[in-house]
Amino acid sequence: GDFVGARASLERAVGLLGGEEGDLAKRALEDLATARAAVEQEFCKLALGGHGGAVTQASFLPEGPVLKGTLGSRMGGRRILATAGMDGAVRIFATATGELLHQLKGHTAPITSIAWCPDGEGVLVSASEDGTARVWRLEEEGSCRLLKTISGHEASVTRVCFDKFGAAFATTSEDRTACVWDSETGLLAHRLEGHSGGVNWAAFHPTGRSVCTASDDATARVWDLAGDATEPGRCVHTLEWGDGRATSAEYTPDGRFVVMVTKKSGAVNPFYRMLLFSSVSGRICRWLDGHQGAITCLSWDPSRADSEWATAATSSLDGTLKVWEARAEPTGGGTYSLETDEARGRALKQWEKPARVQGEIEAVWEGALLCVAYSPDGGRLCAAGLDGRVRIFDSETLECLQDCCGHAGPVTSVAWSGDGQELASASDDGTARVWVA
């Protein structure tokens, strides 16, 4: 804790000195390097390298809350972490020692998304810009094998996700389609066609009986998978309001609503908005404004899953972390309930933007946040972004509890272990780090 305070004071001093030369500036920079190294040593458990480029995602093997006695639970607290990279490889580590257990190769382009089956049995799906998804299985005796290569798309696969039971998984693609696959057989169950733009996101209803998708065509769609309202695999609702690109869509934890994240960039009337729709009727209930830059990630508070309304946190290129209450009433506009912008900094000029956001035409702040995640008990929030820092906040007050440094590039993904004792981060610097939380 003392080192964190010292580092903050030194950073302010270095900022005031600016580009000055001389003994004072030199000593301040040396002291700052010492303080940063001390903070890294205090919080950073592992620095995991080996990828030939940026690490795009990190994800812990779940213990399996649905089925007891699964691979994850039988490992007796031995945490397993998967990392995915721009080099097209998946690397699997034991976080107790940092030992590389497996390197999974086969993709011929960067990996865009990975997801563990939530039943905890060790099945992992990787999705890639090469247009395929691959299904892998981690065995208890230590082996890992490829079960199936999924080749149902004609363009880059943008996301993979499982339903909460692990019975099915969905893939989305720039080919304007989404597909739902049977987890047991790897066979195609439904091809979801109807979007007129690339599909960026998919998420299953908590019951697994429907799925929602978000697309560049400015719409989200709800698809009936079980035949409750129409023929299985048909679209039952097209959700749209305005002309902003739909970057993601998620069901609230109780499944009553769909939250659609949209953005419209440009100099004239840009907006970065969340829209709340009824998942039953498809009507819009609320719209939530407040961010001044694109919303990059949304995370639900798991401790509020059974509450009257859901609570979500969002990260944004505007450098702020915001907390929202997803209520249907009152209808109309809404705003956030909590915000922190301590590390926001200033808006960057176009030529100042780092490579990670060089293509973004909207405003990007120095402290732009790229990812956010609630801890498993909902008591803490983690957010990270362009400055390479991984910050942990109290979810009730947004007081910063830990400010972890060590990455030398933007952090694009964070993930908590199932017990909330460890946190993993993936970075453009080519490493993943495991932090003591």
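Residues numbered from 1 in each chain as written. Predicted model: local features only at pLDDT ≥ 70, side-chain atom pairs only at ≥ 80, totals over all residues. Heavy atoms only, no water.

Q: With reference to specific residues and values, describe the sheet that holds strand 24 (residues 321-326).
A: Spatially, four strands are ordered 22-23-24-26 in an open sheet, and the strand pairing comes out antiparallel. A single partner strand is all that each edge strand has here, and the edge strands are strand 22 (295-300) and strand 26 (338-340). Adjacent strand axes in the sheet meet at a mean angle of 20°, parallel and antiparallel pairs treated alike. Where strand 23 (residues 310-316) meets strand 24, six bridges bridge the pair, whose relative direction is antiparallel. (Pairing = 2+ DSSP bridges. Helix = DSSP H or I, 4+ residues; strand = E, 2+ residues; numbered from the N terminus. Axes fitted to C-alpha atoms, helices over the stretch in contact; angles between N-to-C directions.)

Q: I'd like a rundown of the nonpolar core, residues and numbers included.
A: In terms of nonpolar packing, the biggest core is built from 15 residues, with Val259, Met274, Leu298 and Trp300 touching the most fellow members. For this core, the elements supplying multiple residues, two or more each, are strand 19 (257-264), strand 20 (271-278), strand 21 (284-288), strand 22, strand 23 and strand 24. When neighbours within four sequence positions are excluded, leucine 298 is seen to be in contact with Glu250, Val259, Val261, Met274, Ala312, Ala313, Thr314 and Val372. (Core = buried A, V, L, I, M, F, W, Y, C linked by side-chain atoms within 4.5 Å. Buried < 20%, exposed > 50% of the residue type's maximum accessible area, 1.4 Å probe, protein only. Contact = heavy atoms within 4.5 Å.)

Q: Any chance you could break down the state of the cysteines for me, citing the residues and the numbers?
A: Enumeration according to the criterion identifies zero disulfides in this entry. A disulfide-free cysteine, cysteine 161 has its sulfur positioned 8.5 Å from the sulfur of cysteine 212, the nearest such atom. (Disulfide = S-S within 2.5 Å.)

Q: Could you give an account of the environment of glycine 227, naming the residues involved and the relevant values?
A: For glycine 227, the position within the fold is in the loop between strand 16 (220-224) and strand 17 (234-239). Owing to a relative accessible area of 32%, glycine 227 belongs among the partly exposed residues under this scheme. Taking the C-alpha atoms as reference points, glycine 227 and arginine 209, separated by 18 residues in sequence, lie 8.3 Å from one another.

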